[in-house]
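Now for the letters of each chain:
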Amino acid sequence: MSGLIVIGAGGHANSVIDALRSAGIEPSGAIDREQTPGQTVGGLPVIGSDADLERLFCEGTYRAVLGIGSVGDTTARRAAVERASAMSFHFETVVHRTAYVSPNATLGTGVFIGAGAVVGPGVTVGDFAIVNSGAVIDHDCMVGAFAHIAPSATLSGDVIVGDDAHVGTGASVIQGARIGTGAVIGVGSVVVDDIDAGTIAFGNPCRPKAGE
């Protein structure tokens, strides 16, 4: 047992657990907002709820990974980090064994890099961001804290993605584009212009949703 817990027990936690195991790390268990008897995730037992965080810390479990995903709303992820950090848990960054991260890239605290993802040279990935399975982030991009680059999305070079933004599955972003804080880019979209903060945008070319 590693003395490391997974915070969250949904679908994203499954991917996080798989990535840990690919690196030879077996978590001690997961916690969920509300624990149910016999609950498991990815074959890992759910050993408590949010209310058990303090007990687990007092019992000697000091390390955690964030297993809560997001699609355009990072409230739950941020709240989970705040709760655990207030109790002095140390969050680990998780990189799947099959991902490539350039030695010239910088990863923040609590980042998740999924299977087959590519993080190129000069890239900065902010705290608790998700670079999901098969996503590609080319040279010199900046990905903000709690942002989510979804599976198979591609950022060309010099792209900036703001905090809490979401780039949907299979989306492509042209070189040098700026995606604002909290913006949501739809599945399969092709971003050829800057996208303002808080905007929901989709399509080819990617355009703001009517009324945005």
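Structural data are supplied above this passage.
The shown structure was predicted, so the numbers you read here are calculated from the model rather than taken from an experiment.

Participant: Please set out the overall build of the chain residue by residue, giving values where relevant.
Facilitator: In terms of regular secondary structure, the chain is built from three helices and 25 strands. For the chain, whose C-alpha radius of gyration is 17 Å, the value lies close to the compact-globule estimate of 17 Å for 212 residues. The C-alpha extent of the chain, read off along each of the three principal axes, is 50 × 40 × 25 Å. Going through the 212 residues of the chain one by one, you find that 48% of them count as buried. Once local pairs closer than 6 in sequence are excluded, the contacts in the chain between residues at least 24 apart make up 26%. Accessible area of the chain: about 9,000 Å², with a carbon and sulfur share of 52%.

Participant: Lay out the sheet that holds strand 24 (residues 200-202) with the relevant residues and their values.
Facilitator: Across the sheet, eight strands lie side by side as 7-10-13-16-19-22-24-25; this open sheet has mixed pairing. In this open sheet, the two edge strands, each paired with only one partner strand, are strand 7 (94-95) and strand 25 (207-208). Where strand 13 (residues 130-131) meets strand 16 (residues 148-149), two bridges bridge the pair, whose relative direction is parallel. Pairing of V131 across the sheet is with I149, part of strand 16.

The rules behind the values
Residues numbered from 1 in each chain as written. Predicted model: local features only at pLDDT ≥ 70, side-chain atom pairs only at ≥ 80, totals over all residues. Heavy atoms only, no water. Helix = DSSP H or I, 4+ residues; strand = E, 2+ residues; numbered from the N terminus. Rg over C-alpha atoms; globule rule 2.2 N^0.38 Å. Buried < 20%, exposed > 50% of the residue type's maximum accessible area, 1.4 Å probe, protein only. Contact = heavy atoms within 4.5 Å. Areas by Shrake-Rupley, 256 points an atom, 1.4 Å probe, with all protein chains shown as cover. Pairing = 2+ DSSP bridges.

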